[in-house]
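The residues making up each chain are set out below.
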Amino acid sequence: MLVDGFRRGLVVPEGLIAHGRGEAYDYLAGEHTTKTAQRAIKAASAALLLAKRPVISVNGNTAALCPKEVVELAQATNAAIEVNLFYRTVEREMAIKSELEKYGAKDVLGVGARASARIPELQSERRRVDPEGIYKADTVFVPLEDGDRTEALVKMGKTVITIDLNPLSRTAKMAQITIVDNIIRAMPAMVQLVRSLNGSRSIKKIVDDFDNKKNLKESLKTIRGGM
Ligand code: PTJ
């Protein structure tokens, strides 16, 4: 899927390398959604439902691997979808937007001149965000993210949720909720959970009870076991 996404102009070459990094961890963790990951998936789903202005940030890899689930999750949580790229070009932004639209996305933010706001203290192209999207969001879901922006978003007072197979990455450590799982398994699970949790009274408690540090330690233990 990544190679196909690369050929279709969604993914950058660096995205293929990033995927390989993730897969190495996936092998060691047994290529399944662990109990620890399930806990984080539940907390992330609850946090998205609890949010007032949730935004799902989409990069090339995410667009290639699970465009349908991005749209379904956005619909189920009333979240906005924003394209936000590390290696930014307008052509790729447009290609990712069209890919999401194929699955029913309506108003994809962050493309071209719409990304006119800036995240403070951030140097990469990822600092450019949509004033109606990530800039204003209270909760940002940033799967397969780089560490700098996660840290900057947390500093802005936002709740940051991520998916990252590497529990040692800066993103994994900086985010409030980290799902250590392959995005291709975690996203469909989130869509299902969000649908079943919607309206439940325990949503806030699920978020409050979640301990990211403890969860990351457990994920690391599983990976060590795999070694
Ligand atoms: O499309 P762009 O321009 O925004 O670029 C996207 C990439 C992914 C190339 C860019 O953000 C990047 O280089 O990211 P990093 O710093 O490699 O971080 C990506 C993280 O996601 C790494 O820690 C990987 O282990 C992890 N990862 C890769 N593939 C998966 C994954 N985690 C879960 N599921 C995957 N399939």
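Here the structure is a predicted model, which is why all the values come from computation and not from measurement. (Residues numbered from 1 in each chain as written. Predicted model: local features only at pLDDT ≥ 70, side-chain atom pairs only at ≥ 80, totals over all residues. Heavy atoms only, no water.)

Trainee: Which parts of the structure should I look at to understand the overall build of the chain?
Mentor: Counting secondary structure elements, the chain contains eleven helices and seven strands. In terms of overall size, the chain behaves like a compact globule, its C-alpha atoms giving a radius of gyration of 16 Å where 227 residues would be expected to give roughly 17 Å. For the C-alpha atoms alone, the extent of the chain along its principal axes is close to 45 × 40 × 35 Å. Per-residue burial for the chain yields a buried fraction of 52% across its 227 residues. For the chain, contacts bridging at least 24 residues in sequence account for 64% of all contacts bridging at least 6. Accessible surface, the chain as shown: approximately 10,600 Å² in total, 53% of it carbon and sulfur. Between the centroid of the 35 positive side chains of the chain and the centroid of its 28 negative side chains there is a distance of 4 Å. (Helix = DSSP H or I, 4+ residues; strand = E, 2+ residues; numbered from the N terminus. Rg over C-alpha atoms; globule rule 2.2 N^0.38 Å. Buried < 20%, exposed > 50% of the residue type's maximum accessible area, 1.4 Å probe, protein only. Contact = heavy atoms within 4.5 Å. Areas by Shrake-Rupley, 256 points an atom, 1.4 Å probe, with all protein chains shown as cover. Lys, Arg positive; Asp, Glu negative; His and termini not counted. Charge placed at Lys NZ, Arg CZ, Asp CG, Glu CD.)

Trainee: Help me understand the packing of helix 5 (residues 67-77) against helix 9 (residues 183-197) in this model?
Mentor: A pair of packed helices is captured by two measures, namely the crossing angle of their axes and the spacing between those axes. Put simply, helix 5 and helix 9 touch, their axes get as near as 9 Å, and they point 20° apart. With respect to their mutual orientation, helix 5 and helix 9 come out roughly parallel. For the pair helix 5 and helix 9, the sense of crossing is left-handed. Contacts between helix 5 and helix 9 involve E69, V70, E72, L73, A76 and T77 on the former and, on the latter, M187, P188, M190, V191, V194 and R195. (Axes fitted to C-alpha atoms, helices over the stretch in contact; angles between N-to-C directions. Parallel < 35°, antiparallel > 145°, perpendicular 65-115°, else oblique. Left-handed = near helix turned anticlockwise from the far one by under 90°.)

Trainee: What is the right way to look at the site of the ligand in this model?
Mentor: Contacts to the ligand come from 23 residues, most closely from R21, G60, F86, R92 and D164. Contact between the ligand and Y87: an oxygen atom at 2.9 Å from a main-chain N or O atom of the residue. Between an oxygen atom of the ligand and a side-chain N or O atom of R92, the distance comes to 2.5 Å. For the ligand, whose accessible area on its own is 740 Å², the fraction buried by protein is 93%. For the shell around the ligand, the elements supplying multiple residues, two or more each, are helix 2 (13-28) and helix 4 (60-65). (Near = heavy atom within 4 Å. Polar contact = N/O pair within 3.5 Å; in protein donor to acceptor, adjacent residues only side chain to side chain.)

The quantities given are spatial measurements derived from coordinates; they are silent on function.
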